[in-house]
Amino acid sequence: MHPPGPLLSWARLAIHDTCVGPHFVPAGTTAMVNMWAITHDDKVWPEPGKFRPERFLEDDVAIMGSDLRLAPFGSGRRVCPGKAMGLATVQLWLAQLLHNFEWTASHNHAVDLSECLKLSMEMKQPLICKAFPRTTSTNQERVSDFGGFGC
Ligand code: HEM
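Residues numbered from 1 in each chain as written. Predicted model: local features only at pLDDT ≥ 70, side-chain atom pairs only at ≥ 80, totals over all residues. Heavy atoms only, no water.

### A short note on the overall build of the protein
Note the following rule: What counts as a helix is a DSSP run of H or I of at least four residues, what counts as a strand is a run of E of at least two, and both are numbered from the N terminus. Throughout, a contact is declared for two residues whenever any of their heavy atoms are within 4.5 Å. Using a 1.4 Å probe, the Shrake-Rupley method yields the accessible areas, and only the shown protein chains count as cover for residues.
Along the backbone of the protein there are three helices and nine strands. Shown N-terminal to C-terminal, the secondary structure of the protein runs as helices and strands in the order β-β-β-β-α-α-α-β-β-β-β-β. When contacts within the protein are restricted to residue pairs at least 6 apart in sequence, long-range pairs at least 24 apart make up 44% of them. About 11000 Å² of surface is accessible on the protein, with carbon and sulfur atoms providing 62% of the total.

### Structural notes on the coordination of the iron atom of the ligand
Condition: Ligating atoms shown are N, O and S within 2.8 Å of the metal, or 3.2 Å for Na, K and Ca, and water is not included, meaning a site may look less than complete.
What the protein offers the iron atom of the ligand as a donor is a single atom, C80 (SG), at 2.2 Å. Checked against the element boundaries, C80 lands in the loop between α2 (55-58) and α3 (83-100).

### Remarks on the pattern of salt bridges
The condition that has to hold: Salt bridge, as used here: a side-chain nitrogen of Lys or Arg that lies within 4 Å of a carboxyl oxygen of Asp or Glu.
Scanning the model with the defined rule gives six salt bridges in all. The partner of R52 in a salt bridge is E58, and the shortest N-O contact between them spans 3.3 Å. Notably, a salt bridge pairs E122 with K118, separated by 3.6 Å at the nearest N-O pair. One connected set of salt bridges, linked through shared partners, spans D59, D67 and R69.

### Here we look at the layout of surface pockets
Using a probe with the size of a water molecule, rolled over the atoms, empty space left in the structure can be pinpointed. Just so we agree on the cut-off: Using protein atoms alone on a 1 Å grid, points that fit a 1.4 Å probe yet trap it form a cavity, whereas open point sets bounded by protein on both sides within 12 Å along at least five of seven lines form a pocket; residues with an atom within 4 Å of a point count as lining. Grid points are joined across faces, edges and corners, and a volume is the space filled by probe spheres set on the points. Ten residue types, Ala, Val, Leu, Ile, Met, Phe, Trp, Tyr, Cys and Pro, are classed as nonpolar, four, Asp, Glu, Lys and Arg, as charged, and the remainder, Gly among them, as polar. For the domains described, the bounds stem from an automatic or database domain assignment.
Looking at the largest pocket, its volume works out to about 2100 Å³. Surrounding the largest pocket, 44 residues form its lining, H2, F51, V90, L94 and L127 being those nearest its centre. Broken down by secondary-structure element, the contributors of at least two residues to the lining of the largest pocket are α2, α3, β5 (101-105), β7 (121-123), β8 (128-133) and β9 (144-147). Counted by class, the lining of the largest pocket contains 30 nonpolar, nine polar and five charged residues. Two domains each put at least three residues into the lining of the largest pocket: domain 1 (1-81) and domain 2 (98-151).

### Remarks on the packing of aromatic side chains
To be explicit about the condition: Ring pairs are drawn from Phe, Tyr and Trp, using the six-membered ring of Trp, whenever the two centres fall within 6.5 Å, and their geometry is named by plane angle: stacked under 30 degrees, edge-to-face over 60, tilted for the rest. Geometrically, a lysine NZ or arginine CZ counts as sitting over a ring once it is within 6 Å of the ring centre and also within 35 degrees of the ring normal.
Evaluation of the coordinates by the stated rule reveals two aromatic pairs. Over the ring of W45 we find R69; its NZ or CZ atom is 5.6 Å from the centre of that ring.

### What about the pairing of β8?
Each regular strand shows side chains that alternate between the opposite faces of the sheet. Note the threshold: A 1.4 Å probe rolled over the protein chains alone gives each residue an accessible area, and that area as a share of the maximum for its type sets the label: buried under 20%, exposed over 50%, partly exposed in between. What makes two strands pair is DSSP finding at least two bridges between them.
Across the six residues that make up β8, a large majority, six, are buried. Judged by which residues are buried, β8 turns out to be covered on both faces: I128, K130 and F132 on one side and C129, A131 and P133 on the other are all buried. Here five bridges tie β5 to β8, and the two strands are oriented antiparallel to one another. Paired with T104 across the two strands is K130, which belongs to β8.

### Looking at the UniProt feature "binding site: heme" (unreviewed entry) in the protein
Stated formally: UniProt positions are given in the numbering used here, feature names are shortened, and annotations may be inferred rather than shown by experiment.
Following the UniProt record, one finds the feature "binding site: heme" (unreviewed entry) at C80. Classification of C80 as partly exposed rests on a relative accessible area of 29%.

### Description of a nonpolar patch on the surface
The line we're drawing: Nonpolar side chains (Val, Leu, Ile, Met, Phe, Trp, Tyr) are joined into patches within 5 Å and like charges within 9 Å, using only residues with over 30% relative accessible area and no salt bridge.
Together, L7, W10, M32 and L119 give the surface a local cluster of nonpolar side chains, amounting to about 480 Å² of exposed area. Examined against the element boundaries, W10 turns out to sit in the segment before β1 (12-13). Judged by its relative accessible area of 61%, W10 is exposed.

### Thoughts on the side chain of S106
Selection rule: N or O atoms within 3.5 Å of each other form a polar contact, as long as, within protein, one can give a hydrogen and the other can take it, and as long as residues adjacent in sequence are counted only when both atoms are side-chain atoms.
Mapping S106 onto the fold places it in the loop between β5 and β6 (115-117). On the basis of relative accessibility, which here comes to 7%, the residue S106 falls in the buried class. Within the structure, the side chain of S106 is placed 3.3 Å from the side chain of H109, a separation counted as a polar contact. In this view, S106 contacts I128, C129 and K130; residues no more than four positions away in its chain are not counted.

So, in structure tokens, the structure goes:
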């Protein structure tokens, strides 16, 4: 829903006249896929602005490129060749962070999911949260305020 690369692909050049749905695309046209617009279109995703991860339990959506409602790695012959590695790496980071720390929002900084469009999609406001190690006996010792990246 928040594609890290909002403009999915680098520019593509139509080398022949062609049609995409009802749209005629003449040869020589440069085109880009705006994945951000697709994932924020309420005709495609009900209430796209809401953080509702359970939507993926209700509707099984393939993310490897065969379902164009959500294709963070692109699709077709130029699909990301690192998609399996990317998924495994992100899942490993996330699992390790959740396994080793308990996370809470910072009292002083509310979670703000606003986005800032750059070459990649960044958070407008840094995500500030507190991490408590799960391994300490009290489990209450504050380790750090973790500041994510923002614009
Ligand atoms: C979460 C991690 C990743 C995301 C979200 C991602 C996303 C993307 C996207 C959207 C494209 C453009 C696809 C298109 O044009 O249709 C792409 C292309 C590409 N990615 Fe990734 N990628 C990730 C990880 C990786 C990794 C780990 C590697 C290599 C080890 C990699 C290598 C490439 C290459 C070489 C291309 C260009 C493919 C081509 O133009 O033929 N990516 N990636």
